[in-house]
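Examination of the molecular architecture
Single-letter residue listing:
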Amino acid sequence: MNRLSKKSCIVFGGGSVGGEINNGLAAAITYAREGASVTIVDLSAEAVEGGTRRVREECATLGLSPSVLGIVGDVTDESSIENAVAETIAEFGAIDVLHNNVGVARMGGPIEQSVEDWKFSIDVNLTSIFLTCKHVLPHMLAQGGGSIINIGSVGGMRYIGYNYPSYSATKGAVAQFTQNLALEYASRGIRANTIAPGYINTPMIYRQISSAYDSVEAMVAARDALSPTGKMGDSFDVANAALFLASDEARYVNGVCLPVDGGLVQSSAPPAVQQ
């Protein structure tokens, strides 16, 4: 407990609809449990309200009353990001941790996918991180440090059986962008790291990936079987890795792309999606 005491964390993509816990919300909950003030930014008022409520509920079970700020914002809109950052600074006085969780997976390769979907994937998965860093970095530089955590994907490190090259390309770019940040700002107290989840059981897979299978049940069974551990991870596996990278315990960890994948990237053969 209290590994992030007196720190302020902003999580882009930390909202929740219907009480679902995705990777972003799990991170927000984990940060708050460890004493951080947390800002949740998401696209709709419903998602923001659901996320902030869930953080408070989860913390209340431990007797905690976290400081949580919810902001409606669009990560593809620069003015929206600028506003979210300004509101967070006004509320908490600093941003010690920037956590970028927003992502979208559009199925289909160059033949099947529209140019519009390709550009949308770039805007959501990659340009959004450029924009959040653009507006958070000046505050981190002024305060003398901070930790940037960008959520990539094992799909950005190797082929994992899905026909979604726009997702793979943008997530691979996230890791390289993050490494550039890490080395550019290391001497000024800022660390930047990527987390690359593997097969994780999150709400997103049911909405964006299940169409690659005959049924939802087939998807879950196939993804469990493809994981080296025999079972998918969950959002808190990703969140706990983020907690380490956000904390002072990781003060000498910078520029890494950390797989949270049960060993998938180390396996010898690329998996095939069972449809």
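Residues numbered from 1 in each chain as written. Predicted model: local features only at pLDDT ≥ 70, side-chain atom pairs only at ≥ 80, totals over all residues. Heavy atoms only, no water.

Points about the sheet that holds strand 3 (residues 68–72)
Taken together, 7 strands build an open sheet; the order of strands is 3-2-1-4-5-6-7 and the sheet is parallel. Edge strands, defined here as strands with exactly one partner in the open sheet, are strand 3 and strand 7 (257–260). Averaged over all pairs of adjacent strands, the angle between their axes in this sheet comes to 20 degrees, without regard to strand direction. Note that strand 1 (residues 8–12) and strand 2 (residues 37–42) share 5 bridges and pair parallel. Opposite Val11, over in strand 2, you have Ile40 as the bridge partner. Where helix 1 (residues 23–33) meets the sheet, its contacts fall on strand 1, strand 2, strand 4 (97–100), strand 5 (146–151) and strand 6 (190–197), and the angle it forms with strand 2 comes to roughly 165 degrees. The sheet strands contacting helix 5 (residues 165–185) are strand 5, strand 6 and strand 7, and the helix crosses strand 6 at an angle near 160 degrees. (Pairing = 2+ DSSP bridges. Helix = DSSP H or I, 4+ residues; strand = E, 2+ residues; numbered from the N terminus. Axes fitted to C-alpha atoms, helices over the stretch in contact; angles between N-to-C directions. Contact = heavy atoms within 4.5 Å.)

As for the nonpolar core
Counting 31 residues, the largest nonpolar core has Leu4, Tyr31, Val38, Val55, Ile149 and Ile195 as the members making the most contacts within it. Contributing elements (two or more residues each) for this core: strand 1, helix 1, strand 2, helix 2 (45–60), strand 5 and helix 8 (235–246). With residues near it in sequence (within four places) discarded, Ile149 still touches Tyr31, Val97, Leu98, His99, Asn100, Asn193, Ile195, Ala242, Leu245 and Ala246. Ranked by size, the runner-up nonpolar core spans 24 residues in total, among them Leu69, Cys133, Leu181 and Ala182. (Core = buried A, V, L, I, M, F, W, Y, C linked by side-chain atoms within 4.5 Å. Buried < 20%, exposed > 50% of the residue type's maximum accessible area, 1.4 Å probe, protein only.)

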